[in-house]
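Remarks on the overall topology
One-letter residues, chain by chain:
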Amino acid sequence: MNMTLRWYGPGYDTVTLEQIRQIPGVTGVVTTLMGKQPGEVWTKEEIRELKSVVEASGLEIAAIESVNISDDIKIGTEKREEHIKNYIETLDNLGSEGINIVCYNFMPVFDWTRTDLARPRKDGSTVLAYDQAIVDQIVPTRMRESMEKMCKGFVMPGWEPERLAKLEALFDAYKDIDSEKLFDNLVYFLEAISEVCEKHNIKMGIHPDDPAWPIFGLPRIVTNKENIERLLKAVDKPHNGITLCTGSLGSNPKNDIPAIIKAAAGRIPFAHVRNLKYNHEGDFEEAAHLSSDGSMDMYAVLEALYETGFNGIIRPDHGRMIWGEEAMPGYGLYDRALGACYLNGVWEALEKNAEKR
Ligand code: DNO
């Protein structure tokens, strides 16, 4: 297991590589080229530049999160072939630079969704939260202003200004796409990139939909054990894996995360491990990583990863905003650093217990 932290790159992140380097047990970052639009090629030069910035700090690029998939690929428009060709070229360039874990998602329009990026908690911190009752009252095409306000000037992945500017057109483009069509387009994409993934041993980890149910009438297809198993079987090749995100799958309390880990064993190159707290149906908020702070059994999650021989990368996920830090919501330094230490501690205990057996 390799513990990492997400880092958004120069100019986008308030957290520095030097700070990340000082979190004990963290050896790498998960990063991206933030300015890239989905469908564009990432050149070798751009990748090398990013790599040299990271490596100069003593860290390594452990994975890319994300090389985003264009809506043309998700919808299957006539631009799809060109975008897939560019995606293959990007993977070839990443693979040639020794980067071979890539996270992506296939969520229409929004990527992850929250209704509050700074909900106050009793401990004085703020966290990201979701309330279905609020979502039910929103006219999605008119969300731009409120989403921009919540971002407080930060460019949030999945909520990029370019995306928010064209919400109406995007909703229109998806009007004939149901979950089966979306699934077929995902399978088409995964087949098309097989060869380049095989060439460089690239593992693609699809990020589950967050929250794990359809919202705004848009289909969502990576939400539970059944549809994950279906996807892994549909393209039964090593490159087709999942990013096991406990917070996203865990947004639905019916999802048994250890059971999902067991079902996807061997096909999990990357894990996002975080806790959340269920308030009432459809309302949850994020929590500190340790089990006692939220509703999830984090020990059981790590135990399932350990026992299924997980040897990929882990990162702590969204943290609380604590100690007066001002950072991108969910992605400050302090609580994620606490999360990394906690996860590493549990992992050490799992390893030592196994040695004793
Ligand atoms: C949110 C993230 C997602 C994730 C993408 C992967 O904080 O977990 O934006 O990076 O869905 O493509």
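The preceding data block contains the structure.
For clarity, every value in this text was computed on a predicted model and none was experimentally measured.

1. Re the pairing of strand β5 (residues 116-120)
Here β5 runs beside strand β6 (residues 126-131); their pairing, made up of 3 bridges, is antiparallel. Opposite Asp116, over in β6, you have Ala129 as the bridge partner. Where β5 hands over to β6, the hairpin turn is made up of 5 residues, of which Gly124 adopts a positive phi near 90°.

2. What about the sheet that holds strand β9 (residues 270-273)?
The 8 strands lie next to each other as β1-β2-β3-β4-β7-β8-β9-β12, forming a closed barrel whose pairing is parallel. Each adjacent strand pair in this sheet contributes to an overall mean axis angle of 30°, direction not counted.

3. Structural notes on the side chain of Asp335
With respect to the helices, strands and loops of the structure, Asp335 is situated in helix α15 (residues 334-356). If we ignore the near neighbours within four places in the chain, the residues touching Asp335 are Ala288, His289, Gly319, Arg320 and Ile322.

4. Things to note about unusual backbone geometry
The omega torsion across Glu65 and Ser66 is 0°, close enough to zero to call that bond cis. Along the chain, Ser66 falls in the loop between β3 (60-65) and α3 (71-75). A cis amide bond, omega 0°, links Asp210 with the succeeding residue Pro211. Within the element layout of this structure, Pro211 appears in the loop between β7 (203-207) and α11 (225-234). The phi dihedral of Val109 is positive, around 65°, even though this residue is not glycine. Note on Val109: relative accessible area 0%, which makes it buried. With a phi angle near 55°, Asn201 is a residue other than glycine that sits in the positive phi range. Examined against the element boundaries, Asn201 turns out to sit in the loop between α10 (194-200) and β7. By relative accessible area, Asn201 is classed as partly exposed at 45%.

5. Regarding the sheet that holds strand β11 (residues 283-286)
The strand order across the open sheet formed by 4 strands is β5-β6-β11-β10, and the pairing between neighbours is antiparallel. In this open sheet, the two strands that pair with only one neighbour each are β5 and β10 (276-280). Taken pair by pair, the neighbouring strands of this sheet meet at an average axis angle of 35°, ignoring direction.

6. A closer look at the pattern of salt bridges
Per the stated rule, a full pass over the model turns up 25 salt bridges. Glu348 is the salt-bridge partner of Lys352, the closest N and O atoms lying 2.7 Å from each other. Here Lys352 pairs with Glu348, and both are found in helix α15, just 4 residues apart, close to one helical turn. For Lys352, a relative accessible area of 46% corresponds to the partly exposed category. One connected set of salt bridges, linked through shared partners, spans Arg6, Glu65, Arg114, Asp210, Arg274, Glu286, Arg315 and Asp317.

7. Considerations on the pairing of β11
Residues Asp283 and Glu285 of β11 are buried on one face, and the alternating residues Phe284 and Glu286, pointing to the opposite face, are buried as well. The pairing of β6 with β11 spans 3 bridges and is classified as antiparallel. Its bridge partner being in β11, Tyr130 is matched across the sheet by Phe284. With 4 bridges joining them, β10 and β11 adopt antiparallel strand pairing. When the sheet's bridge partners are listed, Tyr278 is paired in β11 with Phe284.

8. Brief notes about the site of the ligand
Neighbouring the ligand are 13 residues; Glu65, Ser66, Asp111, His318 and Tyr331 lie closest to it. The separation between an oxygen atom of the ligand and a polar side-chain atom of Ser66 is 2.7 Å. At 3.2 Å from an oxygen atom of the ligand is found a side-chain nitrogen or oxygen belonging to His207. Within the complex, the protein chains bury 99% of what would otherwise be the 330 Å² of accessible surface of the ligand. In terms of residues, the shell around the ligand owes the most to one element, strand β4 (residues 101-105), which gives 3 residues. Partitioning the shell around the ligand into residue classes produces 5 nonpolar, 4 polar and 4 charged.

So, how was this worked out
- Residues numbered from 1 in each chain as written.
- Predicted model: local features only at pLDDT ≥ 70, side-chain atom pairs only at ≥ 80, totals over all residues.
- Heavy atoms only, no water.
- Pairing = 2+ DSSP bridges.
- Helix = DSSP H or I, 4+ residues; strand = E, 2+ residues; numbered from the N terminus.
- Axes fitted to C-alpha atoms, helices over the stretch in contact; angles between N-to-C directions.
- Contact = heavy atoms within 4.5 Å.
- Buried < 20%, exposed > 50% of the residue type's maximum accessible area, 1.4 Å probe, protein only.
- Salt bridge = Lys/Arg side-chain N within 4 Å of Asp/Glu carboxyl O.
- Near = heavy atom within 4 Å.
- Polar contact = N/O pair within 3.5 Å; in protein donor to acceptor, adjacent residues only side chain to side chain.
- Areas by Shrake-Rupley, 256 points an atom, 1.4 Å probe, with all protein chains shown as cover.
- Nonpolar A, V, L, I, M, F, W, Y, C, P; charged D, E, K, R; others polar.

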